[in-house]
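Read off the chains here:
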Amino acid sequence: MLIRPATPADFARINQIYAQARDFMVRAGNPTQWAGGYPQQAMLDDDVARGNLYVCVSEPADLSLPGAEGAAAPSSPADESAVAPSSPGDEIPAGGRIDAVFYFAVEEDATYARIDDGAWLNDEPYGVVHRIAVAQGTRGLGTHCILWALDRARQLGAGGGLRIDTHAQNAPMHGLLAKLGFTTCGTIYTYDGSPRTAYQHL
């Protein structure tokens, strides 16, 4: 599997994964986290322009084949933040296929300045992951992407490791982060004021 920065040429597949992930969230009892067509195209355009949107490309020889049962986040629905069911025409091309997308950067996230009901593990610079979604029929991609981001943050000198947040109803993501050893730190609030459970891994 290869992780690389996304380009505008990737938007058709990226938007397909996000659209199907939104549908999965609704069916999984989490209808509000990505309501209203989130993430909007303007946001994704900005992410790509800043070099902060990444895609995970499955090689043709990978076992991550369309049509496989299960898959929600790294390796099962209990392992991912969002899932996109595969659909006809999703055959893996010779150069591989995009099967996961996420935002990553080492930066000060404004929504992380305030945290209630707890505290961050430290105040060192940190990496962040947002908007992670994987295609259904894959195995381990959620885990792969988050561990890649954690390792990349460390490589860039982020002593705060990786921070991430998710909706209280996003059981798959909570399960994934617990499995990967993230610590629950408290509650942060998104730009619209809605609460999210905050996690950190040093």
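No experiment lies behind these values; they were computed from the predicted model shown.

Draft legend 1. Expanded view of the nonpolar core. Core analysis: the biggest nonpolar cluster contains 24 residues, and Phe104, Ile146, Leu162, Ile164 and Phe182 have the highest contact counts within it. Put simply, the parts of the chain that give this core at least two residues each are strand S2 (53–58), strand S4 (97–106), strand S5 (127–135), helix H3 (141–155), strand S6 (162–166) and helix H4 (171–179). Examining the composition of this core, we find that six residues originate from one element, H3, more than from any other. Ignoring any residue separated from it by four or fewer positions in sequence, one finds Phe182 in contact with Ile146, Leu162, Ile164, Leu177, Tyr199, Gln200 and His201. Judged by nonpolar contacts, the second largest core, of 16 residues, contains Ile17, Leu53, Val57 and Ala133.

Draft legend 2. Here's a closer look at the state of the cysteines. Evaluated as defined, the whole model comprises zero disulfides. With no disulfide of its own, Cys56 lies closest to Cys145 among cysteine sulfurs, the gap being 4.4 Å. Owing to a relative accessible area of 0%, Cys56 belongs among the buried residues under this scheme. The exposure class assigned to Cys145 is buried, which follows from its relative accessible area of 1%.

Draft legend 3. Just the pairing of S2, in detail. With respect to burial, S2 is a largely interior element, six of its six residues being buried. Across the two faces of S2 the burial is the same, with Leu53, Val55 and Val57 and Tyr54, Cys56 and Ser58 all buried. Looking at chain direction, strand S1 (residues 2–5) and S2 are connected through four bridges and run antiparallel. When the sheet's bridge partners are listed, Pro5 is paired in S2 with Tyr54. Note: S2 against S4, six bridges, orientation antiparallel. Looking at the pairing, Ser58 lines up with Arg97 of S4.

Draft legend 4. Summary view of the packing of helix H1 (residues 11–27) against helix H2 (residues 41–49). Packing of H1 against H2 brings their axes to within 12 Å, and their N-to-C directions diverge by 130 degrees. In terms of their interaxial angle, H1 and H2 are classed as oblique. Remark: the crossing between H1 and H2 carries right-handed chirality. In this structure, H1 contributes Phe11, Ile14, Asn15 and Tyr18 to the contact, and H2 contributes Gln41, Leu44, Asp45 and Val48. Per-class residue counts for the contact of H1 with H2 are five nonpolar, two polar and one charged.

Draft legend 5. The arrangement of H3 in detail. For H3, with 15 residues, the first-to-last C-alpha span of 21 Å sits near the 21 Å given by 1.5 Å per residue. Residues of H3 that are buried: Leu141, Gly142, Thr143, Cys145, Ile146, Ala149, Leu150 and Ala153. Positioned one or two residues after H3, Gly157 has a phi angle of 85 degrees, which is positive.

Draft legend 6. Fine view of the pattern of salt bridges. Within the structure shown, the criterion is met by eight salt bridges. Across the pair Arg97 and Asp99 runs a salt bridge, and its minimum N-O distance is 2.8 Å. Given the relative accessible area of 6%, Arg97 is considered buried. Salt bridges sharing partners connect three or more residues here, namely Arg13, Arg97 and Asp99.

Draft legend 7. Structural detail: the pairing of S4. Summarising burial for S4: nine of the ten residues are buried, a large majority. Judged from the six bridges that link them, S4 and S5 form a sheet pairing that is antiparallel. By the bridge assignment for S5, Ala100 is matched with Val134.

Draft legend 8. Geometry of unusual backbone geometry. With omega at -5 degrees, the peptide bond leading from Tyr38 into Pro39 counts as cis. By the secondary structure assignment, Pro39 is in the loop between H1 and H2. With phi around 60 degrees, Asp117 is a residue other than glycine that occupies positive phi space. Look at Asp117 and you get exposed, because its relative accessible area is 71%.

Cut-offs used in this document
- Residues numbered from 1 in each chain as written.
- Predicted model: local features only at pLDDT ≥ 70, side-chain atom pairs only at ≥ 80, totals over all residues.
- Heavy atoms only, no water.
- Core = buried A, V, L, I, M, F, W, Y, C linked by side-chain atoms within 4.5 Å.
- Buried < 20%, exposed > 50% of the residue type's maximum accessible area, 1.4 Å probe, protein only.
- Helix = DSSP H or I, 4+ residues; strand = E, 2+ residues; numbered from the N terminus.
- Contact = heavy atoms within 4.5 Å.
- Disulfide = S-S within 2.5 Å.
- Pairing = 2+ DSSP bridges.
- Axes fitted to C-alpha atoms, helices over the stretch in contact; angles between N-to-C directions.
- Parallel < 35°, antiparallel > 145°, perpendicular 65-115°, else oblique.
- Left-handed = near helix turned anticlockwise from the far one by under 90°.
- Nonpolar A, V, L, I, M, F, W, Y, C, P; charged D, E, K, R; others polar.
- Expected span 1.5 Å × (residues − 1).
- Salt bridge = Lys/Arg side-chain N within 4 Å of Asp/Glu carboxyl O.

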